[in-house]
Amino acid sequence: MSDILITGDGKFPMDVQVPITSAQTTADGRTVIVTEGKHRGRLVGVELSVRGEIKPGIIGDDIDKTAFYGSGVLVRSRGDVTRHLAEVFSEVYILPIGIAESLQQLDLTSFALDGDPMFMETEHLNFKVFHDDEDKLGLYFEMFLHIDIPSGYVRFDEKDEEYRENVVRSFAALRTIPA
């Protein structure tokens, strides 16, 4: 099992890269990506489900305002490994976990900044993602999400320090749904 990679100078930005262990396209066109890596002897990871038929968000130099997708990326718990990922965010951001209501998944509004999502299996993609867009849960955050299936990793890149607390609280709130 590969280690996760934490990059940054201890200040801003701090980024977390987790190896991809599997990626499959479902019958409904979503790509389900499972990540898992080691950090200090413990497994950390998460499951991502990326909507099919997402178009690039930037055409030439222009932003395509129709390329924002509500629930374009879903983040789901994998049990203890996801709790450990929340603890990694807590550690690198130097913040306590905090308390939030349990969430079944994180519904991320997604916008493809770089790469064509139609070629997700062969290209590096960079999404800007937004959680809790209307701040109904008090967990609004933005981050950059890099998905690179050919290179075998997902990277969570910090967009702004002001979102650290809600990133930690949101990932910690994820719970495994009983089958």
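In this text, all values refer to a predicted model and were calculated from it rather than measured experimentally.

Novice: Now, about the packing of aromatic side chains: what can you tell me, with residues and values included?
Specialist: For the structure on display, the rule yields seven aromatic pairs. Plain terms: the ring middles of Phe68 and Phe130 are 6.3 Å apart, the flat faces sit at 40° to each other, and that makes the pair tilted. One end of the pair, Phe68, is in the loop between β6 (62–63) and β7 (69–76); the other, Phe130, is in strand β9 (residues 124–131), with 62 residues separating them in the sequence. Overall, the relative accessible area of 38% leaves Phe68 in the partly exposed class. A relative accessible area of 13% means that Phe130 is categorised as buried. Relative to Phe171, the ring of Phe89 has its centre 5.0 Å away and its plane inclined at 50°; by these criteria the two rings are tilted. Highlighted residues: Phe89 in helix α1 (residues 80–93) and Phe171 in helix α2 (residues 164–173), separated in sequence by 82 residues.

Novice: Could you give an account of α1, naming the residues involved and the relevant values?
Specialist: Between its first and last C-alpha, α1 extends 20 Å over 14 residues, near the 20 Å set by a 1.5 Å rise per residue. In terms of burial, α1 is a largely internal element, 10 of the 14 residues being buried. Of the residues making up α1, those classed as buried are Val81, Thr82, His84, Leu85, Ala86, Val88, Phe89, Ser90, Val92 and Tyr93. Directly beyond the C-terminal end of α1, a positive phi value near 55° is found at Ile94.

Novice: Describe the pairing of strand β11 (residues 153–158), listing the residues and the values that go with them.
Specialist: Most of β11 sits out of view: six of its six residues are buried. The pairing of strand β2 (residues 15–25) with β11 spans five bridges and is antiparallel. Within β11, the residue paired with Val18 across the bridge is Val154. Note that strand β10 (residues 141–148) and β11 share six bridges and pair antiparallel. Bridge assignment links Ile147 to a residue of β11, and that residue is Val154. Counting the residues that bridge the hairpin from β10 to β11 gives four residues, and of these Gly152 lies at a positive phi of roughly 80°.

Conventions adopted
- Residues numbered from 1 in each chain as written.
- Predicted model: local features only at pLDDT ≥ 70, side-chain atom pairs only at ≥ 80, totals over all residues.
- Heavy atoms only, no water.
- Phe/Tyr/Trp six-rings, centres within 6.5 Å; stacked < 30°, edge-to-face > 60°.
- Helix = DSSP H or I, 4+ residues; strand = E, 2+ residues; numbered from the N terminus.
- Buried < 20%, exposed > 50% of the residue type's maximum accessible area, 1.4 Å probe, protein only.
- Expected span 1.5 Å × (residues − 1).
- Pairing = 2+ DSSP bridges.

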